[in-house]
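Structural overview
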Amino acid sequence: GAQAQLSDWLDAAHCAVAFTGAGISTECGIPDFRSPGGLWTQNKPIPFDVFLAMKSARNEAWKRKFVLESAFAGARPGRGHVALARLLEQGKLGGVITQNIDGLHQASGVGEADLIELHGNGTYATCLDCGTRYELGWVKARFDTSGGIAPDCPHCGGPIKAATISFGQAMPETEMRRADALTRQSDLFIVLGSSLVVFPAAQFPLQAKDNGARLVIVNREPTDFDHLADLVVHADIGDVLAPFARNA
Ligand code: OAD
Ligand code: ZN
């Protein structure tokens, strides 16, 4: 079956790379973006230029953030996260490229050197002007005591934003370079739980395939790139990766 195939290919690979999307975290209670009930089916994303231009957009962004935060602050890594951490330990995986901002790869024990966060990290915030870091609890205390007004940076007056990438915001340069380099090295590229509709992130699986890597896509639903893949599994990531999450 698919698991045996994947296992053989992982054993044979010189540099296997996992490319994760929101689908790897749904079993942890975190909704994805585009499935029924997904975040973008509930609210339209706030584009970066609107966030910058309008105080009301910043208030709304932080309001949404804290609604999500109260529900998901306690989320634990799922079977997919644990499997990837285990494969890294075993030297069977060369790295993880993620579009996720939930910090669950780190929580499963994946170190900085093995993880590339293309869309930033939602577990803290920064001032967009001076770069000072703020913890979410710090932002929330000010947001709550002001009756729902997003705080500005006490150092420079700049806007404070979760350290994630919004639509229209520049991609992080270092992470893009690292993802590019890792993709070039990869001879097995495994997409896990992404609709593959958001670019430039979705360029990496295409680039890997173009370089001659085997491409595997594990996703509940079909994607536009299924026809390019050497193996497509339309199933739950946790079920597919569960055997890899167990002790050998
Ligand atoms: P999407 O919501 O677009 O896609 C998630 C995919 O995972 C869907 O195709 C689901 O069918 C699938 N899925 C959900 N749960 C699954 C499970 N347990 N097992 C297998 N498949 C499952 O999320 P992403 O592709 O990650 O960017 O979205 C890409 C980017 O769009 C995000 O990083 C975010 C969003 O806008 C920014 O905010 C910049
Ligand atoms: Zn500042």
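The structure we're discussing is the one just above.
So, here's what we can say about the structure. Bear in mind the structure is a predicted one, so any value in this text is a computation, not a measurement.

1. So, the sheet that holds strand β5 (residues 133–135)
Strand pairing in a sheet relies on backbone hydrogen bonds. The paired strands run either parallel or antiparallel. Sheet architecture is open: three strands sit in the order β5-β4-β6, paired in antiparallel fashion. Edge positions in the open sheet fall to β5 and β6 (160–164), since each of these has one partner strand only. Averaged over all adjacent pairs, the angle separating strand axes in this sheet is 45°, with direction ignored. The pairing of strand β4 (residues 120–127) with β6 spans four bridges and is antiparallel. Residue pairing in the sheet places T126 in a bridge with K161 of β6. Across the sheet, helix α4 (residues 55–72) is in contact with β4 and β6; its angle to β6 comes to roughly 50°.

2. Concerning unusual backbone geometry
Residue P200 is bonded to the preceding F199 through a cis peptide linkage, with omega at 10°. As for its placement among the helices and strands, P200 is situated in the loop between β7 (188–192) and α9 (203–210). Not every positive phi belongs to a glycine, and L196 is a case in point at roughly 60°. Inspection of the secondary structure assignment puts L196 in the loop between β7 and α9. Residue class for L196 comes out buried when judged on its relative accessible area of 4%.

3. Quick look at the coordination of the zinc ion (ligand 2)
Of the protein atoms, only C127 (SG), C130 (SG), C153 (SG) and C156 (SG) coordinate the zinc ion (ligand 2), at distances of 2.2 to 2.4 Å. Coordination at the zinc ion (ligand 2) is tetrahedral: its four donor atoms span angles of 99 to 117° at the metal. For the zinc ion (ligand 2), the single-chain donor residues occur in sequence as C-x2-C-x22-C-x2-C. One end of the pair, C127, is in strand β4; the other, C156, is in the loop between α7 (136–145) and β6, with 29 residues separating them in the sequence.

Cut-offs applied
Residues numbered from 1 in each chain as written. Chains lettered and ligands numbered in written order. Predicted model: local features only at pLDDT ≥ 70, side-chain atom pairs only at ≥ 80, totals over all residues. Heavy atoms only, no water. Pairing = 2+ DSSP bridges. Helix = DSSP H or I, 4+ residues; strand = E, 2+ residues; numbered from the N terminus. Axes fitted to C-alpha atoms, helices over the stretch in contact; angles between N-to-C directions. Contact = heavy atoms within 4.5 Å. Buried < 20%, exposed > 50% of the residue type's maximum accessible area, 1.4 Å probe, protein only. Donors = N, O, S within 2.8 Å, 3.2 Å for Na, K, Ca; no water. Tetrahedral: all angles 85-135°; square planar, octahedral: opposite > 155°, others 65-115°.

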